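Listed below, chain by chain, are the residues.
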Amino acid sequence: MAYSEDHIALAAEYALGTLDAEERTQVETMMAVDTEFAAVVQAWEFRLGPLNQMVGSVEPRPIVWENIRTAIGLSEIPQAPLMLPEPPPPPPPPALPPQLEPEIRPLPVADDSNVIALASRVKRWRGIASAASAIAAALLVMLGLQIFRPDALPEGIRPKPRIRTVEVKVPAPAFTPSSQYVALLQGQNGGPAFILTIDGSTKNFTVRKVGAIPEVGKSFELWLISDKLPQPRSLGVINPGDFTTRPVLSSYDPDVINGATYAVTVEQPGGSPSGQPTSAPVFTGKLIETVPPASSTPPR
């Protein structure tokens, strides 16, 4: 079967996962009733699936690792040695009178071992301070990469993703039939013309035009036909656009809504003037439940 561009685009968006919940429900309904359309969706999944495998890992630039090695003191550039200033010479002794001048004795040689030890100690603490600063800088770089660019770190030190499970309690809906219902409106020749979706909690319905081609100067009108009603009830004219949404089902009981037949007729512009169909239905369908009520117990 030949599908329109809207069908193909809908299948591609379903494969990409960009549809909302309502549109995904409509696509899954079409796939359930039309095997050829399901094959189109599967073909798009085969085409778009390998794109994820084509994304390679991103390695950091060489300058990043060079900056880290320089920061932690592993660079090949040698560090200049620590130079201490020369100590000043001692002041000369004061002059004394000849009678008080002491016997001249040779002065002992100054012991500079303390100066050498102090210089060595200062050099050692300078090395420790430089190493500590380099380690702090490297840790700061790694912390920034872990927060903003975790993929740039080697796999061995890359942080592991943390998975947190959050339990969200949803209150029970005020309206019991909170499920979703979908009807595929088809003609005698087969093929979907409209997709009707009804929200069980709000009773709002949405009609999406799929394959129906409107006649010039005519309008499509949606009808509810039930054996619980004396005559068909009009649900309004379907808009020329792709979607039509209305809340007109709020006055009907759930039994009437779920068991009714939904039909589309071709009427004059603006709909039937008498409130009753003026022609035989061209598209019909019945509701099927696609999403179970929220109060139902999930299978084990």
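Worth saying up front: this structure is predicted, and the values here are computed from it rather than measured.

Conventions adopted
Residues numbered from 1 in each chain as written. Predicted model: local features only at pLDDT ≥ 70, side-chain atom pairs only at ≥ 80, totals over all residues. Heavy atoms only, no water. Buried < 20%, exposed > 50% of the residue type's maximum accessible area, 1.4 Å probe, protein only. Helix = DSSP H or I, 4+ residues; strand = E, 2+ residues; numbered from the N terminus. Pairing = 2+ DSSP bridges. Salt bridge = Lys/Arg side-chain N within 4 Å of Asp/Glu carboxyl O. pLDDT = per-residue confidence, 0-100. Contact = heavy atoms within 4.5 Å.

1. Notes on the pairing of strand E2 (residues 192-199)
Among the 8 residues in E2, 7 count as buried, and that is most of the element. Pairing analysis gives 7 bridges linking strand E1 (residues 180-186) to E2, with the strands arranged antiparallel. Paired with Gln186 across the strands is Pro192, a residue of E2. Between E1 and E2, which pair antiparallel one after the other, the connecting turn spans 5 residues, and Gly190 there sits at a positive phi close to 80°. Relative to strand E3 (residues 205-209), E2 is paired through 5 bridges, and the arrangement is antiparallel. Residue pairing for E3: Phe194 is matched across the bridge by Lys209.

2. Notes on the pattern of salt bridges
In this structure the tally under the stated criterion is 2 salt bridges. Taking the shortest distance from any N to any O, the salt bridge between Arg208 and Glu23 comes out at 3.9 Å. You can see Arg208 sitting in strand E3 and its partner Glu23 sitting in helix H2 (residues 21-33), a full 185 residues away along the chain. According to the relative accessible area criterion, Arg208 is buried, its value standing at 13%. In this structure, Arg69 engages Glu66 in a salt bridge whose closest nitrogen and oxygen atoms are separated by 2.8 Å. Remark: Glu66 and Arg69 occur in helix H5 (residues 62-71); sequence separation between them is 3 residues, near one turn of the helix.

3. Description of unusual backbone geometry
Residue Lys203 is not a glycine yet carries a positive backbone phi of 65°. With respect to the helices and strands, Lys203 occurs in the loop between E2 and E3.

4. Observations concerning the confidence of the model for the protein chain
Here the protein chain averages 76 in pLDDT, and 67% of its residues register 70 or above. Confidence, expressed as mean pLDDT per element, reaches its minimum in the protein chain at helix H4 (residues 50-53) with 60 and its maximum at strand E7 (residues 261-267) with 91. Counted against residues more than four places away or in other chains, residues 172-177, with its pLDDT under 50, gives 9 contacts. Here residues 296-300 scores under 50 on pLDDT; set against residues more than four positions off or in separate chains, the count is 0 contacts.

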